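Listed below are the residues making up each chain.
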Amino acid sequence: MTQQREPLESLVLYHLFKWSVVSPVLHVYLRGKIYGAENVPQEGPLVVVSNHASHFDPPIVSNCVRRPVAFMAKEELFKVPVLKQAIRLYGAYPVERASADRSAIRNALSYLEQGWATGLFLQGTRTRDGRISSPKLGAAMIAAKAKAPMLPVSLWGTQDILANKSPIPNPVPVTVRIGTLIDPPATTKRKDLEQVTQTCTEAIHALHDLGR
């Protein structure tokens, strides 16, 4: 039987981190604007797909969709004492970026089966302009296997938070736009994956083009 909400400890940690750290930084320091939050289903499996330009993107996305989002995190973070326990509880799971990490896909599917939202960046890595020039098919594959809807999210302005390699985040304006749900691919055939991935990419770019 599918669990409809995340474990209580994950929800407690999510809200603690959100209201004490992420939300104040986003709304006050970064003058964050959020559009489309009403499009996010608050129960059941969900694949959140986004553009990616900053290390700040995962907590910002999770904050704006108003529920924990289990993001893939580089495996090196899971070797740091204390940190590894904290990010696991928050929902992060490791991925070996240098190869096609099937265990990360299994972890994503496991979270979706438990009723979580899982998050993936369509480009797979950060891009300086926040655009998606080479979308990967992993998110669509996961959505197809889990039969979970996909939610396009645009992050505008996050590429400048750490511009000029400054160790201190820049107080730049950030805008998050959340689109409408997109049905998962009907099958795991490449043609179906490419079609839905392209639909997600176009939806994110259309939201991104709206700017501030």
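Quantities reported herein were computed from a predicted structural model and do not represent experimental measurements.

Q: What exactly am I supposed to notice about the nonpolar core here?
A: Most often, soluble globular proteins keep nonpolar side chains buried together rather than apart. Judged by nonpolar contacts, the single largest core of 23 residues is most densely connected at V47, V49, L122, A139, I142, M150 and C200. Sorting the residues of this core by element identifies β2 (46-50), β4 (93-95), α4 (102-113), α5 (138-146) and α6 (190-208) as the ones contributing at least two each. For V49, the contacting residues outside a window of four places in its chain are L120, L122, A139, M150, L151, P152, V153, C200 and I204. I60, F71, L155 and V176 belong to the second largest nonpolar core, which has 21 residues in total.

Q: I'm lost on the layout of surface pockets in this one. Help?
A: In this structure, the second largest pocket spans a volume of roughly 180 Å³. Lining the second largest pocket, in full, are A53, S54, H55, R126, T127, R128, T158, Q159, L162 and A163. When the residues that make up the lining of the second largest pocket are grouped by side-chain class, the tally is three nonpolar, five polar and two charged.

Q: I keep staring at α6 and nothing clicks. Help me out?
A: One turn of the α-helix equals 3.6 residues, which is why residues spaced by three or four share an orientation. Between its first and last C-alpha, α6 extends 26 Å over 19 residues, near the 27 Å set by a 1.5 Å rise per residue. Three or more residues of α6 are buried, namely D192, L193, V196, T197, C200, T201, I204, H205, L207 and H208. Summarising the contacts, the buried residues of α6 are in contact with β2, α5, β6 (150-156) and β7 (175-178).

Q: Would you explain unusual backbone geometry in this entry?
A: Generally, phi is negative for residues other than glycine and the peptide bonds are trans, each holding for most cases. Backbone geometry at R31 places phi at a positive 50°, although glycine is not the residue there. Counting through the fold element by element, R31 comes out in the loop between α1 (8-29) and β1 (33-35). In this structure, R66 takes a positive phi of about 65° despite not being glycine. Counting through the fold element by element, R66 comes out in the loop between α2 (57-64) and β3 (69-74).

Q: Just checking my understanding: could you explain the pairing of β2 for this structure?
A: The side chains of a regular strand alternate between both faces of the sheet. Most of β2 is tucked away, with five of its five residues classed as buried. Of the strand pairs in this sheet, β2 and strand β5 (residues 117-121) are connected by five bridges, and their pairing is parallel. In the sheet register, V48 faces β5, and the bridge partner there is G119.

Cut-offs used in this document
Residues numbered from 1 in each chain as written. Predicted model: local features only at pLDDT ≥ 70, side-chain atom pairs only at ≥ 80, totals over all residues. Heavy atoms only, no water. Core = buried A, V, L, I, M, F, W, Y, C linked by side-chain atoms within 4.5 Å. Buried < 20%, exposed > 50% of the residue type's maximum accessible area, 1.4 Å probe, protein only. Helix = DSSP H or I, 4+ residues; strand = E, 2+ residues; numbered from the N terminus. Contact = heavy atoms within 4.5 Å. 1 Å grid on protein atoms, 1.4 Å probe; cavity = no way out; pocket = protein on both sides within 12 Å on 5 of 7 lines; lining within 4 Å. Points joined across faces, edges and corners; volume = space filled by probe spheres on them. Nonpolar A, V, L, I, M, F, W, Y, C, P; charged D, E, K, R; others polar. Expected span 1.5 Å × (residues − 1). Pairing = 2+ DSSP bridges.

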